[in-house]
Amino acid sequence: MKQIYWILTSVSLLSLTSCSNRPQETKTLQTVKINTVASADEQAFLQYPGKVKAAQDISLAFRVSGTIQKIYVEDGSRVRHGQLLAELDPTDYQVQLDATEAEYRQIKADAERVMALYKDNGTTPSANDKAVYGLKQITAKYRHHKDQLEYTRLYAPFNGFIQKRLFDAHETIGAGMPVLSMISGGMPEVEINLPAAEYIRRGQFNSYHCTFDVYPGQLYPLKLISITPKANANQLYTVRLQLLADKQPLPSPGMNTMVTIYCDKENSQRLSVPSGAILQKDGKAQVFVYNPSDNKVDCREVTLLRLTGNGRSLISSEELKPGELIVASGVHHIQDGETVRPLTPTTPTNIGGLL
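Calculation criteria
- All residue numbers refer to positions counted from 1 along the written sequence of the respective chain.
- Local features in this predicted model are restricted to residues whose pLDDT is 70 or higher, and side-chain atom pairs enter the listing and the counts only when it is 80 or higher, whereas totals over whole chains, interfaces and linings include all residues.
- Where side-chain values are given, they derive from all heavy atoms of the structure, hydrogens and water being excluded.
- Two rings belonging to Phe, Tyr or Trp (six-membered ring only in the last case) form a pair when the distance between their centres is within 6.5 Å. Interplanar angles under 30 degrees mark stacking, angles over 60 mark edge-to-face geometry, and anything in between is tilted.
- Under the scheme used here, helices are H or I runs from DSSP no shorter than 4 residues and strands are E runs no shorter than 2 residues, and both carry numbers assigned from the N terminus.
- Each residue is placed in one exposure class: buried if its accessible area under a 1.4 Å probe, protein chains only, is under 20% of its type's maximum, exposed if it is over 50%, and partly exposed if it falls in between.
- By nonpolar core is meant a set of buried Ala, Val, Leu, Ile, Met, Phe, Trp, Tyr and Cys residues that side-chain atoms within 4.5 Å join together.
- Two residues form a contact once any of their heavy atoms are found within 4.5 Å.
- Note: two strands are recorded as paired if DSSP finds a minimum of 2 bridges between them.
- Here the axes come from fitting lines to C-alpha atoms, over the contacting stretch only for helices, and the angles between their N-to-C directions go from 0 to 180 degrees.
- Helices are assigned an expected span. That span is 1.5 Å times one less than the residue count.
- Across the chain, each position has a pLDDT score giving the predictor's confidence in that residue, from 0 to 100.

All right, on to the packing of aromatic side chains then. Summed over the entire model, instances satisfying the criterion amount to 6 aromatic pairs. The interplanar angle of 10° and the centroid separation of 4.7 Å between the aromatic rings of Y104 and Y142 together place this pair among those described as stacked. Of this pair, Y104 sits in helix 2 (residues 91-119) while Y142 sits in helix 3 (residues 125-150), placing them 38 residues apart in sequence. Considered together, Y104 and Y142 belong to a single accessibility category, that of buried residues.

Pasting the structure below:
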């Protein structure tokens, strides 16, 4: 019995010894994405979507009320400056003018007789003043009624196209009600919206161009018209650009486009990094520099200047240089001095890093 007890004791001791000699499991390394710090001089352009707009897009209305007698144009009609577009029934305004004209001629004749008598000292100054002011009053009334008759006709204010007819003949409208919408036929404009981060550096913009999917291979230069000094409800600033086309096809209003803005070179101390590389901690911005010799990361503090709108951020740092490798993704799961495993980059023959 004692012999069996000693055998069991020996087996237990051997088991404990083998467990104590088992190697500890290695710590799993965090896999991170690596990117390169770039000089801000390499980020010398911006790109924003835009839309083509007519240089002038207006609604035309009569200055007097009445019944539409005839509209001479259709949707899409090309019109010339000064061309008659529509007119109201002028009957009421013609009758009003005829009555005022008869009154005007009578008062004018009477006033001229009184003024002639006054020159010969044949009447009093009071009678002369009454005649002068009466003539001025009827003259103003006569001109006003002539203008009202003229306002029954609607003319094109510039060369262009009729966008839409809003009323038809025989409909009664009020003064100032839009009857036709019209766009200019000249060179169109391009409009884009800038975020505040790019608006503040508008002084560095030096040239512009745009491209269209419907016109592949065509590059359209642009000329700056204006940048609104006040942001809209979305905190964006509207930029108007004049389209300059030579022998290229002319885009139509409403087309979408991509606008490229070329900027002056930035200060060489400014650096560009992926936005995902920046870690905000305790109110400070920092990045992790990757050392390929030992796969360790080194935390360095940076100053975040602004986002550049292309997935990157502009920073400044005295401890960081262009060409250094930094952790671009996964910064929230690593610590200073930690050993990491870089994500294998994709190659044309190893898509997805599966080989």
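On we go.
Counting 28 residues, the largest nonpolar core has L85 and L180 as the members making the most contacts within it. If you list the elements that add at least two residues to this core, you get strand 5 (66-71), strand 7 (84-88), helix 2, helix 3 and strand 11 (178-184). When residues of this core are assigned to their parent elements, the largest contribution, 5 residues, is made by helix 3. Beyond its immediate sequence surroundings of up to four residues, L85 is in contact with L60, I71, Y72, V73, V79, L154, Y155, A156, I162 and L180. Y48, I192, F205 and L243 belong to the second largest nonpolar core, which has 23 residues in total.

Strand order across the open sheet formed by 4 strands is 8-7-5-10, with antiparallel pairing between neighbours. Each edge of the open sheet is held by one strand with a lone partner, namely strand 8 (153-155) and strand 10 (172-173).

Turning next to the side chain of E338. Positionally, E338 belongs in the loop between strand 22 (325-329) and strand 23 (340-342). With relative accessibility at 17%, the residue E338 sits in the buried group. Here E338 is in contact with Q30, N295, K296, V297 and H333, once residues within four sequence places are set aside.

Around the barrel, which closes on itself, the 6 strands sit in the order 3-12-15-14-13-16 with antiparallel pairing between neighbours. Strand-to-strand, the axes of this sheet are offset by a mean angle of 40°, without reference to chain direction. Strand direction decides the pairing type here: strand 3 (residues 45-53) and strand 12 (residues 189-195), joined by 3 bridges, are antiparallel. In the strand pairing of strand 12, K51 is matched with E191.

Quick look at helix 3 now. The α-helix winds at 3.6 residues per turn, so residues separated by three or four positions along the chain end up facing the same way. Its 26 residues place the ends of helix 3 38 Å apart at the C-alpha level, agreeing with the 38 Å of an ideal helix rising 1.5 Å per residue. Taken residue by residue, helix 3 has N128, A131, L135, I138, T139, Y142, H145, Q148 and L149 as its buried positions. Summarising the contacts, the buried residues of helix 3 are in contact with helix 2 and strand 8.

Take the confidence of the model for the chain next. Model confidence for the chain is summarised by a mean pLDDT of 85, while 86% of its residues fall at 70 or above. Ranking the elements of the chain by mean pLDDT puts helix 1 (residues 2-20) last with 52 and strand 8 first with 97.

The subject of this paragraph is the pairing of strand 5. When strand 5 meets strand 10, the two strands line up antiparallel, connected through 2 bridges. Following the sheet pairing, G66 is matched in strand 10 by I173. Of the strand pairs in this sheet, strand 5 and strand 7 are connected by 3 bridges, and their pairing is antiparallel. Opposite I71, over in strand 7, you have A86 as the bridge partner.

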